[in-house]
Amino acid sequence: MFHVFKAFPNNIQALRDINIHIRKGEFVFLVGPTGAGKTTFLKLIYRGMLPTKGQVIVDGVNLARLKPSLIPYLRREIGIVFQDFKLLYDRNVFENVAFSLRVVGTKNSIIKKEVNDTLNLIGLSHKKNANPHRLSGGEQQKLCIARAVISHPMILLTDEPTGNLDPETSWEIMQLLFKINIWGTTVIMASHDKLMVDRAQKRVVRIENGQVTSDTLKGIYSKSC
Ligand SMILES: Nc1ncnc2c1ncn2[C@@H]1O[C@H](COP(=O)(O)OP(=O)(O)OP(=O)(O)O)[C@@H](O)[C@H]1O
Ligand SMILES: [Mg+2]
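Residues numbered from 1 in each chain as written. Chains lettered and ligands numbered in written order. Predicted model: local features only at pLDDT ≥ 70, side-chain atom pairs only at ≥ 80, totals over all residues.

Here we have 6 strands laid out as an open sheet, ordered β7-β8-β9-β3-β10-β11, and mixed in their pairing. Each having just a single partner strand, β7 (78-81) and β11 (211-215) make up the two edges of the open sheet. Across the sheet, the mean angle separating the axes of adjacent strands is 20 degrees when strand polarity is ignored. Two strands pair when backbone bridges link them, and β7 and strand β8 (residues 155-159) are joined in this way by 4 bridges, in the parallel orientation. Across the sheet, the residue bridging to G79 is L156, located in β8. Packing of helix α5 (residues 137-149) onto the sheet brings it into contact with β7 and β8, and relative to β7 it is tilted by some 165 degrees. Against the sheet, helix α6 (residues 167-182) contacts β3 (27-31), β8 and β9 (186-190), and its axis sits at roughly 150 degrees relative to β9. (Pairing = 2+ DSSP bridges. Helix = DSSP H or I, 4+ residues; strand = E, 2+ residues; numbered from the N terminus. Axes fitted to C-alpha atoms, helices over the stretch in contact; angles between N-to-C directions. Contact = placed C-beta atoms within 7 Å.)

This next bit is on helix α4 (residues 108-122). Taking 1.5 Å as the rise per residue, α4 with 15 residues should run 21 Å; its terminal C-alpha atoms sit 21 Å apart, in good agreement. By the burial criterion, the buried members of α4 are V115, T118, L119 and I122. On an axial view of α4, the arc spanned by its buried residues comes to 100 degrees, and they lie on one face. Within α4, the exposed residues directed more than 90 degrees away from the buried face are S109, I110, K113, D117 and N120. Buried residues belonging to α4 abut α3 (93-103), α5 and α6. (Expected span 1.5 Å × (residues − 1). Buried ≥ 20, exposed ≤ 12 C-beta atoms within 10 Å, placed from the backbone. Arc of directions from axis to C-beta.)

Before going further, it helps to spend a moment on the confidence of the model for the protein. For residues with low pLDDT, the predicted coordinates do not support detailed interpretation. Of all residues in the protein, 96% attain a pLDDT of 70 or more, and the chain-wide mean is 92. Long-range and interchain partners of residues 221-225, a stretch whose pLDDT sits below 50, account for 11 contacts in this model, where long-range means more than four residues apart. (pLDDT = per-residue confidence, 0-100.)

Here we come to the nonpolar core. Core analysis: the biggest nonpolar cluster contains 54 residues, and F29, L30, I45, V97, A146, L157 and I188 have the highest contact counts within it. Ranked by residues supplied to this core, first place goes to α5 with 6 residues. Inspection of this core shows a minimum of three residues originating in each of domain 1 (1-77 + 153-225) and domain 2 (86-152). (Core = buried A, V, L, I, M, F, W, Y, C linked by C-beta atoms within 7 Å. Domains from an automatic or database assignment.)

In the vicinity of ligand 1, the contacting residues are F8, N10, I12, A14, G32, T34, G35, A36, G37, K38, T39 and T40. Per element, the largest residue contribution to the shell around ligand 1 is 3 residues, and it comes from helix α1 (residues 38-45). Here the residues of the shell around ligand 1 are counted per class, giving 4 nonpolar, 7 polar and 1 charged. (Near = placed C-beta within 6 Å. Nonpolar A, V, L, I, M, F, W, Y, C, P; charged D, E, K, R; others polar.)

This part is about the packing of α3 against α4. Here α3 crosses α4 at 130 degrees, and the two axes come no closer than 10 Å. Put simply, α3 runs oblique to α4. Like other packed secondary-structure pairs, α3 and α4 cross with a definite hand, here right-handed. Mapping the contact onto sequence places F94, V97, A98, L101 and R102 in α3 and I111, E114, V115, T118 and L119 in α4. For the contact of α3 with α4, the residue count by class is 7 nonpolar, 1 polar and 2 charged. (Parallel < 35°, antiparallel > 145°, perpendicular 65-115°, else oblique. Left-handed = near helix turned anticlockwise from the far one by under 90°.)

In structure tokens form, the structure reads like this:
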């Protein structure tokens, strides 16, 4: 991101002059108080919205210049785990994970293999016939992750994926995200969970009031989150 500003119509400056470079394969935490701009930051990356000013460049492409017809291709490279992205409660776990592959007309035999591989990776194979309603909070979160990584995205954006989970389950989710990261996906995770962020020992970018106030990569990490 180069000199990125994002203002909302009510004159809220959600992001102000953000300059940040995230390399392929990195694992980055976004921390900061509520309303700081973390979710807005994530939304700019998948072109959920455009910046008011500045450039958001993903894999060499300035998203403001991306033709609308190419947006689906960008989104295919980006897995998203946001709390407001609902699961399909009228389908079982397998079908929730299979959904994005079905939409693009993938062959059944490939869907079966990919979904089973992903459920194995995530540790949800034993629940593949269950309805999402019948999963625990941690299992639902795992299902959201499975759905997001089924297409082997280049980038995974996660917004508070461990919110409302107990410390043990949260750490399990973290291990899963580390695994996905080690296999090549860049992971950007917004979190309020200070213990988790400290324990993970990854790059931490802190946003306060729309501005980056510290970045451990640059050795200016000062405060806790
Ligand atoms: N669609 C919108 N319209 C107007 N204002 C918005 C919109 N989305 C976010 N904002 C405002 O922009 C600021 C940043 O919001 P954002 O959701 O990015 O914060 P956050 O760091 O993710 O907070 P939290 O930790 O509570 O999730 C807030 O003041 C918020 O009210
Ligand atoms: Mg948020």
